[in-house]
Structures are given as structure tokens and as C-alpha cells.
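Summary of structural features
For reference, the chains in residue letters:
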Amino acid sequence: MKRPAIVSLLACGLLLALAGTAQAVGNPEAGKQKNAMCIGCHGIEGYRTSYPSVYHVPRLGGQHAEYLVKALQAYKTGARNHPSMKGIAATLSQQDMEDLAAYYAGAGK
């Protein structure tokens, strides 16, 4: 194989690999506008809830955006099981998840 052909193949492979890992980028300002369902539980310091059992509700502010998106996706698909979170995640689009994650990863502390 000639050198230019090898370089072209490598360049195409690299572009395909990068395209496969591209993700939507969240907008923190949009996330701030969408957090009404989240703030009631996750915005209260030391909050505990009793549904479906008593547990400490985690704070979301400062959490990694990638983790938050994956958690919301898992609630939406049923891979994570919490009735309230499953119901809320079911209403979110991928962009909503990205926006909320961007907000809580930054200013949503």
C-alpha cells in the first residue's frame, strides 16, 4: 500500500472514532431553567425522604456532568430503580439531561 493511502485510511479512522465519541453539550443556563423538578429534593442541604424508604438525598451541585447524564439515562431506561427518579427521567430528552448536568456540574452548587 502506498504511503498516501495509509495516511488517508488513518485519517478516516480517526475521524470515525472521534465522531463516535461526540456528545451533546449541555447549556448550564438552560439547565437552570429546567431544574424545578430537581431542586425540591436535591437542593436542600441534608434532605432525607421517606419514599420509597428513608434515605439521604444526594446534592447534585459540583458532580461530574458525565456521571449525571449517565445516571439520568439509567433511570430513564430502568437500569436504576427509584420511582420518583424514573418518573422524572422519563420526561427528559437527551438535551434536557445534558443541560441539567451542565448546570449542576457548575453553577448548580
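Fair warning: this is a prediction, and the values are worked out from it, not measured in the lab.

What follows covers the confidence of the model for the protein chain. Note that predicted coordinates carrying low pLDDT should not be read in detail. Residues at a pLDDT of 70 or more form 74% of the protein chain, whose mean pLDDT is 83. Note that pLDDT drops below 50 for residues 16-22; the model gives that stretch zero contacts with residues more than four away or on any other chain.

This next bit is on the nonpolar core. If you look at the biggest cluster of nonpolar residues, it comprises 14 residues, and the most contacted ones within it are Leu 68, Leu 72, Leu 92, Leu 100 and Tyr 104. Taken together, the elements giving at least two residues each to this core come down to α4 (65-77), α5 (83-90) and α6 (94-105). With five residues, α6 is the largest single contributor of residues to this core.

This brings us to the packing of aromatic side chains. Scanning the model with the defined rule gives one aromatic pair in all. Ring geometry for Tyr 103 and Tyr 104: centres 4.9 Å apart, planes at 70°, overall edge-to-face.

On to the environment of Ala 74. In this structure, Ala 74 sits in helix α4. For Ala 74, a relative accessible area of 15% gives the class buried. A C-alpha to C-alpha distance of 8.6 Å links Ala 74 and Lys 86, two positions 12 residues apart in sequence. Each residue touching Ala 74, except ones within four places of it in the same chain, is listed here: Ala 79 and Arg 80.

Glancing now at the pattern of salt bridges. Inspection of the entire model under this criterion finds three salt bridges. Residue Lys 34 pairs with Asp 99 through a salt bridge whose shortest N-O separation is 2.6 Å. Of the two residues, Lys 34 sits in helix α2 (residues 28-34) while Asp 99 sits in helix α6, which places them 65 residues apart along the sequence. Here Asp 99 falls in the buried class, since its relative accessible area comes to 3%. Among the ionic pairs, Glu 45 bridges to Arg 59, the shortest N-O distance being 3.7 Å. Taken together, the positions of Glu 45 in the loop between α3 (36-42) and β1 (48-49) and Arg 59 in the loop between β2 (55-56) and α4 put the pair 14 residues apart, joining distant regions of the chain. Relative accessible area serves as the criterion here: at 32%, Arg 59 is assigned to the partly exposed category. In the salt-bridge network here, residues are joined through shared partners; they are Lys 34, Asp 96 and Asp 99.

Definitions and limits used
Starting afresh in each chain, residues are numbered from 1 along the sequence in its written order. The predicted nature of this model means local features are confined to residues of pLDDT at least 70 and side-chain atom pairs, given and counted, to a pLDDT of 80 or more, with totals for whole chains, interfaces and linings taken over all residues. Calculated side-chain values reflect all of the structure's heavy atoms, with hydrogen atoms and water omitted. Per-residue confidence from the predictor is reported as pLDDT, which spans 0 to 100. Contacts: residue pairs with any heavy atoms within 4.5 Å of one another. Residues belong to one nonpolar core when they are buried, are Ala, Val, Leu, Ile, Met, Phe, Trp, Tyr or Cys, and are joined through side-chain atoms within 4.5 Å. Buried residues are those whose accessible area, probed at 1.4 Å on protein chains only, stays under 20% of the maximum for their type, while exposed residues exceed 50% and partly exposed ones sit between those limits. Under the scheme used here, helices are H or I runs from DSSP no shorter than 4 residues and strands are E runs no shorter than 2 residues, and both carry numbers assigned from the N terminus. Any Phe, Tyr or Trp ring, taking Trp's six-membered ring, that has another such ring centre within 6.5 Å forms a pair; planes under 30 degrees apart are called stacked, those over 60 apart edge-to-face, and the others tilted. Between Lys or Arg on one side and Asp or Glu on the other, a salt bridge is scored when a side-chain nitrogen of the former is within 4 Å of a carboxyl oxygen of the latter.

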